[in-house]
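Survey of secondary and tertiary structure
Residue strings, one per chain:
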Amino acid sequence: MIERHPNFERLEPTYLFQKIHEKAQTAKKELLDLSIGDISLPLDPSIAEVLAEEALRLSKEIVGYGPSRGYAKLREAVQSHYYPMLSPDEIYISDGAKCDVGRLQLLFGTGRKIGVQDPTYPVYSDTALLLGAQEVIYLPCNRKSEYFVDIKNLPDLDILFLCSPNNPTGAAATREQLTELVKAAYEKEFLIIYDAAYADFIQNPELPKSIYEIEGAQNIAIEISSFSKSFGFTGLRLGWSVVPKALKYKNNAPLYKDWERIIQTFFNGPSCLAQKGGIVALSEVGLKAKKTAIETYLSNAKRLKESFRGFEVSGGDNSPYLWIYFPQMNSWEAFEFLLAEYGILSIPGSGFGKEGEGFIRLSGFSKWCTSCAFILEKKEIQECLLL
Ligand code: PLP
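Presented here is a report on the structure given in the accompanying data block.

Parameters and conventions
- Sequence order as written defines the numbering, with residues in each chain counted from 1.
- Local features are withheld for residues below a pLDDT of 70 in this predicted model, meaning they are given only at 70 or higher, and side-chain atom pairs are given and counted only at 80 or more; totals for whole chains, interfaces and linings count all residues.
- Neither water nor hydrogens contribute to the side-chain values; these are computed over all heavy atoms in the structure.
- Distances are taken per atom, and a residue is near a molecule or strand as soon as one of its heavy atoms is within 4 Å of it.
- Definition of a polar contact: a pair of N or O atoms within 3.5 Å, with one able to donate and the other able to accept a hydrogen when the atoms are protein atoms, and with sequence-neighbouring residues admitted only if both atoms are side-chain atoms.
- The Shrake-Rupley method, run with a 1.4 Å probe, gives the accessible areas here. Residue values count only the displayed protein chains as cover.
- Grid spacing is 1 Å over the protein atoms alone, the probe is 1.4 Å, and a cavity is where that probe fits but cannot get out, while a pocket is an open set with protein on both sides within 12 Å along at least five of seven lines and lining residues have an atom within 4 Å of a point.
- More than half of a molecule's atoms within 2 Å of the grid points is what it takes for that molecule to sit in a cavity or pocket.
- Secondary structure follows DSSP: runs of H or I at least 4 residues long count as helices, runs of E at least 2 residues long count as strands, and numbering of each begins at the N terminus.
- Following the grouping adopted for this structure description, the nonpolar residues are Ala, Val, Leu, Ile, Met, Phe, Trp, Tyr, Cys and Pro, the charged ones are Asp, Glu, Lys and Arg, and the polar ones are all others, Gly among them.
- For each residue, the accessible area found with a 1.4 Å probe, counting protein chains only, is set against the maximum for its type, and the residue is called buried under 20%, exposed over 50%, and partly exposed in between.
- Being paired, for any two strands, means DSSP has found at least two bridges between them.
- Between N-to-C directions, angles cover 0 to 180 degrees, with each direction set by a line fitted to C-alpha atoms, over the stretch in contact for helices.
- A contact between two residues is defined here by any heavy atoms of the two lying within 4.5 Å.

1. As for the site of the ligand
Around the ligand, the surrounding shell holds 14 residues, and the nearest of these are D195, Y198, S226, S228 and R237. At a separation of 2.9 Å, an oxygen atom of the ligand approaches a polar backbone atom of K98. At 2.7 Å from an oxygen atom of the ligand is found a side-chain nitrogen or oxygen belonging to Y198. Taken by itself the ligand offers 400 Å² of open surface, and the protein chains cover 91% of this. Of the pockets mapped on this structure, the ligand occupies the largest pocket. Contributions of two or more residues to the shell around the ligand are made by α4 (97–105) and α7 (228–231). Tallied by class, residues from the shell around the ligand come to 6 nonpolar, 4 polar and 4 charged.

This is the structure in structure tokens:
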């Protein structure tokens, strides 16, 4: 029989969510699940109606394959809503940001040095290891570095994955931080893949929502983003990548031509249903629904943050995630404590990387945030944990 690909040996076993699931199963009380990264509000009816119409249309006319890079109308809508500085030709519609993380790395082949934030969304490192990266370099993003990479001490890299607002730390990069990063990418000649999947959660007008708000970024950065969290498309699957025309290889050839080749070779474009839904999502009615959803998730996060008064908490203001530091415990101890005392299911921060030790991640996506905040306030968690 065929031998297993040795790159699978490079991955850590995926025990984190399994272990959390097992702990949840054995818990004796009803749980408040604050661990989720999935949506908890249904799709807006205006979008669902268009999906139903489109599904019926499929039984009446032949629709067939669409353009691999997505419908022009949707590319135009994404560009005009998110990227006034770019053209619709630079947008590529996909079946989600996660799928683009893997596909994009096909552009660069094996043997590259890939930088990721520590703690990190594990998909960047896992895809890099599977696809034959020479090395994945973990760049500490901790309390000391204000949850951003230490730009002055960056190692040699080919590619840096950067996520802002960040999963899991909830930190949103400032204009100054991104300006310094773009400068470093020029000097050290690495490419940035900027994951803006949570950009719609940014409320502070001073914070950039796209890396292309930074001068020069079009020459050194690819951006990926998603309809998943803001529009409730986690199940429908829709996202996009941005590869600016100005982004060139060392030999001055444009990168976008190869990206188009990869898309045509590995992908035939997202489902026509999801794309029709995406067009409505970016219309007036869809954008109104997005605003309501973001407000709901952020107000959940705010209540949670208030309940952890006195703790060091990152995120929750411009991000659905809260990253909470427990000075007296490691991540699993804090997880067990919250579970045993309050029936709260969290995610131990150490599951996202070494620098996550001592933290837990809570999520404003949870519909339990209000009851949880109520319980935490009543039982004065601060007194139990902070002393
Ligand atoms: N990027 C980050 C940072 C995420 O946290 C997630 C999902 O949790 C994704 C991408 C996945 O996005 P999509 O649903 O578009 O594949």
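Text resumes after the structure shown.
2. Section: the pairing of strand β7 (residues 221–226)
Across the 6 residues that make up β7, a large majority, 6, are buried. Burial along β7 is two-sided: the face carrying A221, E223 and S225 and the face carrying I222, I224 and S226 are both buried. Relative to strand β8 (residues 239–242), β7 is paired through 4 bridges, and the arrangement is antiparallel. Pairing of E223 across the sheet is with V242, part of β8.

3. Observations regarding the sheet that holds strand β3 (residues 113–118)
Strand order across the open sheet formed by 7 strands is β2-β8-β7-β6-β5-β3-β4, with mixed pairing between neighbours. Of all the strands in the sheet, the pair left with one neighbour each is β2 (91–94) and β4 (135–140). With direction set aside, neighbouring strand axes in the sheet form an average angle of 20°. Sheet topology places strand β6 (residues 191–195) next to β7; 4 bridges connect them, and they run parallel. Considered in β7, the bridge of D195 is made with I224.

4. Some words on the environment of A173
With respect to the helices, strands and loops of the structure, A173 is situated in the loop between β5 (159–163) and α6 (175–188). For A173 and N318, which are 145 residues apart along the polypeptide, the C-alpha to C-alpha distance reads 10 Å. Beyond its immediate stretch of four places on either side in the chain, A173 contacts F148, S164, L178, L207 and P208.

Remember that the coordinates give geometry; whether it matters functionally is a separate question.
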